[in-house]
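# Residue-level structural notes
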Amino acid sequence: MVKKQLLQIALDGGAGSGKTTIAKKLASYYGFYHFSTGNIFRSFALIVHNETDLSPKNVKKKIKKIPLKIIKDKIILNGKDVTDLLSEPKISKIASLISAQKYVRKKYRKLIKKISKQEKIILDGRDIGTVVLPHAKHKFFFIASPEIRAKRRLAQLKLSSSNLKKIVDAIKKRDADDTKRSISPLKPAKDAVIIDTSKLTITQVFNRVVKNINAHKNN
Ligand code: C5P
């Protein structure tokens, strides 16, 4: 039996590919709920960022102890809103590292389960079209060159251009790790529309996505 496609939007891609920026714009345009799933891994990373032992066993022990709640687009750790603390490069690196661990992915799936059952949602991440929202009506996969993505990150984090090479290297490493891991690797769903955002402005990407959604809305 073919499962009914839900009116959901799945947006996947590597770091700096533009998925969160576009997801937020789409959410306000369509009036959908949006959540950036990377923030769950970033919150786990925040819990363990001072640990020297990042083994699956220790990460599991630490994460298990801290209650995590998602309220709208905010992450509440131990009763405190930590959403603004999640964009640091160190947190990105640890998030990527631990995101390949079995318990971390299990806990993430549990946290995202209730949200993923809703209609009219936009989720962005790495495994949304493939694992979290396999029946989403609209799936997009963004790609862009590592150099362009690094420049976007520099601007976002307000860092000087002397950091460019370091950020390019970090992005390439994250891509490689996210793509190669055995559980839920970064890859486009078979029915995803692939968009190279390297040479496009935010408005151009947004228009392309909206055009595609509108063209398939009634299918
Ligand atoms: O998207 P963002 O850069 O915030 O994600 C941080 C890290 O979390 C990624 O590098 C990736 O390893 C992990 N992630 C994931 N699956 C998702 C979202 C993020 O593995 N759905």
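Above: the structure in question.
The notes below deal with the structure included here. (Residues numbered from 1 in each chain as written. Predicted model: local features only at pLDDT ≥ 70, side-chain atom pairs only at ≥ 80, totals over all residues. Heavy atoms only, no water.)

## Quick look at the nonpolar core
- Counting residues in hydrophobic clusters, the biggest one holds 32 residues, and the most contacted among them are Ile40, Phe44, Tyr108, Ile112, Leu123 and Leu133.
- Going through the elements one at a time, α2 (38–48), α3 (56–65), β4 (74–77), α4 (89–98), α5 (102–116), β6 (121–125) and α6 (128–132) are the ones with two or more residues in this core.
- The leading source of residues in this core is α2, at seven residues.
- Residues in contact with Leu123, not counting those within four places in the same chain, are Ile9, Ala10, Leu11, Phe35, Thr37, Ile112, Ile115, Ile128, Val132 and Leu133. (Core = buried A, V, L, I, M, F, W, Y, C linked by side-chain atoms within 4.5 Å. Buried < 20%, exposed > 50% of the residue type's maximum accessible area, 1.4 Å probe, protein only. Helix = DSSP H or I, 4+ residues; strand = E, 2+ residues; numbered from the N terminus. Contact = heavy atoms within 4.5 Å.)

## Comments concerning a positive patch on the surface
- A cluster of basic residues, Lys60, Lys64, Lys102, Lys106 and Lys110, forms a positive patch on the protein surface.
- Those elements that place two or more of their residues in the positive patch are α3 and α5.
- It is α5 that provides the largest number of residues to the positive patch, a total of three residues.
- Topologically, Lys106 is positioned in helix α5. (Patch = residues over 30% accessible without salt bridge, like charges linked within 9 Å, V, L, I, M, F, W, Y side chains within 5 Å. Areas by Shrake-Rupley, 256 points an atom, 1.4 Å probe, with all protein chains shown as cover. Salt bridge = Lys/Arg side-chain N within 4 Å of Asp/Glu carboxyl O. Lys, Arg positive; Asp, Glu negative; His and termini not counted. Charge placed at Lys NZ, Arg CZ, Asp CG, Glu CD.)

## Regarding the packing of α3 against α5
- Between α3 and α5, the least distance of the axes is 9 Å, while the angle of their chain directions is 30°. In terms of axis orientation, α3 runs roughly parallel to α5. Counted together, Val59, Lys60, Ile63 and Lys64 of α3 and Tyr103, Val104 and Lys107 of α5 form the full contact between these two elements. (Axes fitted to C-alpha atoms, helices over the stretch in contact; angles between N-to-C directions. Parallel < 35°, antiparallel > 145°, perpendicular 65-115°, else oblique.)

## Points about the site of the ligand
- Of all residues adjacent to the ligand, which total 15 residues, the nearest are Arg42, Arg126, Asp127, Arg174 and Asp178.
- Between a nitrogen atom of the ligand and a side-chain N or O atom of Thr37, the distance comes to 3.1 Å.
- A distance of 2.9 Å separates an oxygen atom of the ligand from a polar atom in the side chain of Ser99.
- Burial of the ligand by the protein amounts to 97% of the accessible area it has alone, namely 450 Å².
- It is α2 that contributes the most residues to the shell around the ligand, three residues altogether.
- When the residues that make up the shell around the ligand are grouped by side-chain class, the tally is two nonpolar, five polar and eight charged. (Near = heavy atom within 4 Å. Polar contact = N/O pair within 3.5 Å; in protein donor to acceptor, adjacent residues only side chain to side chain. Nonpolar A, V, L, I, M, F, W, Y, C, P; charged D, E, K, R; others polar.)

## With respect to the sheet that holds strand β5 (residues 80–81)
- With antiparallel pairing, three strands are arranged side by side in an open sheet as β3-β4-β5. Edge positions in the sheet fall to β3 (68–71) and β5, since each has one partner strand and no second.
- Across two bridges, the pairing between β4 and β5 is antiparallel. Along β5, the bridge assignment pairs Leu77 with Lys80.
- Contacting β3 and β4, α2 runs over the sheet at an angle of about 25° to β4. (Pairing = 2+ DSSP bridges.)

## So, the packing of aromatic side chains
- For the coordinates displayed, the defined rule picks out five aromatic pairs.
- Ring geometry for Tyr29 versus Tyr30: centroids 4.9 Å apart, planes at 85°, classification edge-to-face.
- Stacked on the ring of Phe206, the Lys or Arg Lys25 has its end atom at 5.2 Å from the ring centre. (Phe/Tyr/Trp six-rings, centres within 6.5 Å; stacked < 30°, edge-to-face > 60°. Lys NZ or Arg CZ within 6 Å of the ring centre and 35° of its normal.)

## Digging into the packing of α2 against α3
- Packing of α2 against α3 leaves a shortest axis separation of 9 Å and a crossing angle of 100°. Taken together, the axes of α2 and α3 are roughly perpendicular relative to one another. Facing α2, whose interface residues are Phe44, Ile47 and Val48, α3 presents Val59, Lys62 and Ile63.
- Partitioning the contact of α2 with α3 into residue classes produces five nonpolar, no polar and one charged.

## Overview of the pairing of β3
- Looking at chain direction, β3 and β4 are connected through four bridges and run antiparallel. Paired with Lys69 across the strands is Ile76, a residue of β4.
- Between the antiparallel neighbours β3 and β4 lie two residues, among them Lys72 with a positive phi of about 55°.

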